[in-house]
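# Residue-level structural notes
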Amino acid sequence: EEYGLNEPFYIQYWKWIRKLITKGDFGISYYWNVKISTVIQSRMAMTLVISISSMMFTYFLAIPIGIYSAVKQYSLGDYLATIVGFIGMATPNFLLGIILLYASYKVTGSPIMGLFSLEYVNAPWNWAKVVDLLKHLIIPTIVIGTAGTCGLIRVMRGQLLDEIKKQYVITARAKGVGAKKLLFKYPVRAALNPIVSTIGWSLTGIFSGSTITAIVLNLQTQGTVLYKALLGQDMYLAG
């Protein structure tokens, strides 16, 4: 009766959605016994940091490789980029995370897990803590970012191949326009338009992919919150 669980599900849902719309109240988390908004706010900053860094890694890696693959079509580099990209796409996030954790253990003597070292978890923000965070972001950024890299490489490659075969490019080349200027001034700009439009679904994929990665790497993000909510049947938070 206190939580309204004795009422039909549609009544429970109506009360919840009414509070959400009118007051911005997501309800109480049964697992943490605090407001859901408090739980979300406590993890949102680090979730955004990881998501943005993963997206930057994906685009900064995929766009240059896609340009190279289009310009050097059917070359050895084009085939290698395709193979590596598809391997990254086919490798599960949790498996890649475990491999990189093992590699970090062999190199540094301890697996780089979480977002901070033990001495910086509760320490106030300073330059040393920022450096420690950046060090711990390397593995989750690579694990989450590589999943979407292959698709963007193929999109960039295909779009640029279409552009460099168009008449305006052929005409400019015939007039003696330099190769770099001809490539980056018009075809690359046009080919980037579909890439920009993929940011929406790429960000969604990063958020969903970060859940498994957060569990494996013990990241204090929304991924672990969602996982614990599902295990604890915390319906408002899991929903």
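Look up a bit, the structure's there.
Structure report, in brief. Since the model is a prediction, treat every value here as computed from it, not as a measurement.

## Looking at the overall build of the protein chain
In terms of regular secondary structure, the protein chain is built from 11 helices and zero strands. For the protein chain, the succession of helices and strands along the chain, N to C, is α-α-α-α-α-α-α-α-α-α-α. Taken along its principal axes, the extent of the C-alpha atoms in the protein chain is 80 × 50 × 35 Å. Restricting to contacts in the protein chain with at least 6 residues of sequence separation, those with at least 24 account for 69%. Total accessible area on the protein chain is roughly 14400 Å²; 67% of this is exposed by carbon and sulfur atoms. Across the protein chain, 21 positive and 10 negative side-chain charges occur, with their mean positions spaced 17 Å apart.

## Some points on unusual backbone geometry
In this structure, tyrosine 74 is a non-glycine residue whose phi angle is positive, near 65 degrees. With respect to the element layout, tyrosine 74 can be found in the loop between helix H2 (36-71) and helix H3 (76-90).

## A closer look at the environment of isoleucine 144
Tracing the chain through its elements places isoleucine 144 in helix H5 (residues 127-164). Judged by relative accessible area, which is 4%, isoleucine 144 ranks as buried. For the pair formed by isoleucine 144 and glycine 97, sequence separation is 47 residues and the distance between their alpha carbons is 9.0 Å.

## Things to note about the nonpolar core
Judged by nonpolar contacts, the single largest core of 15 residues is most densely connected at Ile50, Leu115, Leu133, Ile139 and Leu219. Among the elements of the structure, H2, helix H4 (93-108), H5 and helix H9 (199-217) are those that each provide at least two residues to this core. No other element matches H5, which puts five residues into this core. Judged by nonpolar contacts, the second largest core, of 14 residues, contains Ala62, Ile67, Val188 and Ala191.

## A word on the packing of H4 against H5
The contact between H4 and H5 brings their axes to 10 Å, and the two run at 150 degrees. On the basis of their axis angle, the class for H4 and H5 is roughly antiparallel. Both H4 and H5 take part in a crossing whose hand is right-handed. Only Ile139, Ile142, Val143, Thr146 and Ala147 of H5 make contact with H4, whose side of the interface consists of Asn93, Leu96, Gly97, Leu100, Leu101 and Ser104.

## Here we look at H3
Across its 15 residues, H3 extends 21 Å between first and last C-alpha, which sits within 8% of the 21 Å expected from 1.5 Å per residue. All buried positions along H3 are accounted for by Gly77, Asp78, Ala81, Thr82, Gly85 and Gly88. Seen along its axis, H3 keeps its buried residues to an arc of 135 degrees; they face one direction. Residues of H3 that are exposed and point over 90 degrees away from its buried face: Leu76, Val84 and Ala90. Residues of H3 that are buried sit in contact with H2 and H5.

## So, the environment of alanine 214
With respect to the element layout, alanine 214 can be found in helix H9. Owing to a relative accessible area of 0%, alanine 214 belongs among the buried residues under this scheme. Once the C-alpha coordinates of alanine 214 and leucine 115 are considered, the two residues, 99 residues apart in sequence, prove to be 10.0 Å apart. The residues contacting alanine 214, other than those within four sequence positions of it, are Leu219, Thr221, Gly223 and Thr224.

Scoring rules and cut-offs
- Residues numbered from 1 in each chain as written.
- Predicted model: local features only at pLDDT ≥ 70, side-chain atom pairs only at ≥ 80, totals over all residues.
- Heavy atoms only, no water.
- Helix = DSSP H or I, 4+ residues; strand = E, 2+ residues; numbered from the N terminus.
- Contact = heavy atoms within 4.5 Å.
- Areas by Shrake-Rupley, 256 points an atom, 1.4 Å probe, with all protein chains shown as cover.
- Lys, Arg positive; Asp, Glu negative; His and termini not counted.
- Charge placed at Lys NZ, Arg CZ, Asp CG, Glu CD.
- Buried < 20%, exposed > 50% of the residue type's maximum accessible area, 1.4 Å probe, protein only.
- Core = buried A, V, L, I, M, F, W, Y, C linked by side-chain atoms within 4.5 Å.
- Axes fitted to C-alpha atoms, helices over the stretch in contact; angles between N-to-C directions.
- Parallel < 35°, antiparallel > 145°, perpendicular 65-115°, else oblique.
- Left-handed = near helix turned anticlockwise from the far one by under 90°.
- Expected span 1.5 Å × (residues − 1).
- Arc of directions from axis to C-beta.

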